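Here is how the chains run, residue by residue.
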Amino acid sequence: MPNPIQINPDESPQARFAYELRERRLQSGWTQLKLARMLTVSVSTVGMLETLRRRPDRRFADACDKAFKLDGVFRELWKETRWESAPEHFRNFMELETQASALQIWDPLLVPGLFQTESYARRIFEDEPGITPELVEQRVANRMQRQGILAREKAPIIWSLIDEGVLHRPMGEADTMREQLGRLLDVAGHPRVTIQVVPYAAWSAVGLQASFTIAELRGAPYSVYVESAPRGLTVGDRETITALVGRYDALRAAAFPQNLSLGIIKEVMAQWT
């Protein structure tokens, strides 16, 4: 029998669900077949859920709580897989993001969410009119959880283009900005991450209208998330995706290479005193 795949429960809400399912089944001394019969599902369903090849649904979560005699534990884990505290318009793309083999990110105004520190992210969420402190903290936690994809054994390749103005725009006190720029330098050391700065001197207006993220699967762009007010949009039609890929290529052509970009980040970081 092949060894089961290793799952990092901090990688994503779906990974946490799969990890808890397998652990509780093994602690109970049950095979996948026995659990499947108790849940009235196929054994392949249990196997796919335990190996992240299928997403759980509410019925399955409730059945697990009944089988393991738990008070809503799997129901709450299932809710997390739906990113229920995240803005509704972003949930679909958050799920697509976890499946991507590559991400191409452009942001003219803010540090991309995958690289934000807690304090930087908190400052952004606090500005939303009418938001409660509880929802702010939930969204900060979601953002930090999203960053778990960088810790995956097969993390997506990430290209991130950031406008130079982002480095100078205060989002909190100086120590918040120093910490955030230090985080950019740290994450740029990840073997699958490239960060490039689009300088003022580029005179580029190509992407000033909005930030966007292109998700690729096996080398082909298949979805784009475009940020806008009051809510963003997940795009799947080929014509729009092709147009945004063209914009991204133009921005990348205007950007400094990563070594020069990191030098700029270091210089600006030293100015936040």
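The shown structure was predicted, so the numbers you read here are calculated from the model rather than taken from an experiment. (Residues numbered from 1 in each chain as written. Predicted model: local features only at pLDDT ≥ 70, side-chain atom pairs only at ≥ 80, totals over all residues. Heavy atoms only, no water.)

### Topic: the layout of surface pockets
Logical step 1: By volume, the largest pocket amounts to about 1100 Å³.
Logical step 2: Taken together, 42 residues line the largest pocket, and the ones lying closest to its centre are L110, I124, R143, Y225 and E227.
Logical step 3: For the lining of the largest pocket, the secondary structure elements donating two or more residues are α6 (88-99), β1 (102-107), α7 (118-126), α8 (133-146), β4 (212-217) and β5 (220-226).
Logical step 4: No other element matches the 5 residues that α6 contributes to the lining of the largest pocket.
Logical step 5: Of the residues assigned to the lining of the largest pocket, the class counts are 23 nonpolar, 9 polar and 10 charged.
Logical step 6: Roughly 710 Å³ of volume is contained in the second largest pocket.
Logical step 7: Forming the walls of the second largest pocket are 25 residues, and the residues nearest its centre are E11, L52, T98, R152 and K154.
Logical step 8: At the level of secondary structure, the elements contributing two or more residues to the lining of the second largest pocket comprise α1 (13-27) and α6.
Logical step 9: Ranked by residue count, the leading element in the lining of the second largest pocket is α1, at 3 residues.
Logical step 10: Tallied by class, residues from the lining of the second largest pocket come to 9 nonpolar, 9 polar and 7 charged. (1 Å grid on protein atoms, 1.4 Å probe; cavity = no way out; pocket = protein on both sides within 12 Å on 5 of 7 lines; lining within 4 Å. Points joined across faces, edges and corners; volume = space filled by probe spheres on them. Helix = DSSP H or I, 4+ residues; strand = E, 2+ residues; numbered from the N terminus. Nonpolar A, V, L, I, M, F, W, Y, C, P; charged D, E, K, R; others polar.)

### A look at the side chain of T176
Logical step 1: Within the secondary structure, T176 sits in helix α10 (residues 174-187).
Logical step 2: T176 sits in the buried class, given a relative accessible area of 12%.
Logical step 3: In this view, T176 contacts S119, Y120 and M171; residues no more than four positions away in its chain are not counted. (Buried < 20%, exposed > 50% of the residue type's maximum accessible area, 1.4 Å probe, protein only. Contact = heavy atoms within 4.5 Å.)

### Here's the deal with the nonpolar core
One recurring pattern in soluble globular proteins is that nonpolar side chains are buried together.
Logical step 1: One finds L103, F115, I158, L167, L184, I195 and I265 to be the most contacted residues of the largest nonpolar core, which totals 32 residues.
Logical step 2: When residues in this core are grouped by element, the largest group, 5 residues, is from α10.
Logical step 3: When residues no more than four places from it in sequence are discounted, the contact partners of I158 are L103, I105, L114, F115, L150, R192, V193 and T194.
Logical step 4: One finds L21, L39, A61 and L77 within the second-largest nonpolar core, a separate group that totals 18 residues. (Core = buried A, V, L, I, M, F, W, Y, C linked by side-chain atoms within 4.5 Å.)

### Overview of the sheet that holds β1
Logical step 1: Strand order across the open sheet formed by 6 strands is β3-β2-β1-β4-β5-β6, with mixed pairing between neighbours. In this open sheet, the two edge strands, each paired with only one partner strand, are β3 (193-198) and β6 (233-235). For this sheet, the mean angle separating the axes of adjacent strands, direction not counted, is 15°.
Logical step 2: The pairing of strand β2 (residues 157-163) with β3 spans 6 bridges and is parallel. Following the sheet pairing, D163 is matched in β3 by V198. (Pairing = 2+ DSSP bridges. Axes fitted to C-alpha atoms, helices over the stretch in contact; angles between N-to-C directions.)

### Side note on the pattern of salt bridges
Logical step 1: Counted under the stated rule, the structure contains 10 salt bridges.
Logical step 2: Residue D127 pairs with R123 through a salt bridge whose shortest N-O separation is 2.8 Å.
Logical step 3: On the basis of relative accessibility, which here comes to 30%, the residue R123 falls in the partly exposed class.
Logical step 4: The partner of R252 in a salt bridge is D249, and the shortest N-O contact between them spans 3.6 Å. Taken together, the residues span about one helical turn, with R252 and D249 both in helix α11 (residues 238-254) at a distance of 3 residues.
Logical step 5: According to the relative accessible area criterion, R252 is partly exposed, its value standing at 28%.
Logical step 6: Taking the relative accessible area as the measure of exposure, D249 reaches 39% and is therefore partly exposed. (Salt bridge = Lys/Arg side-chain N within 4 Å of Asp/Glu carboxyl O.)

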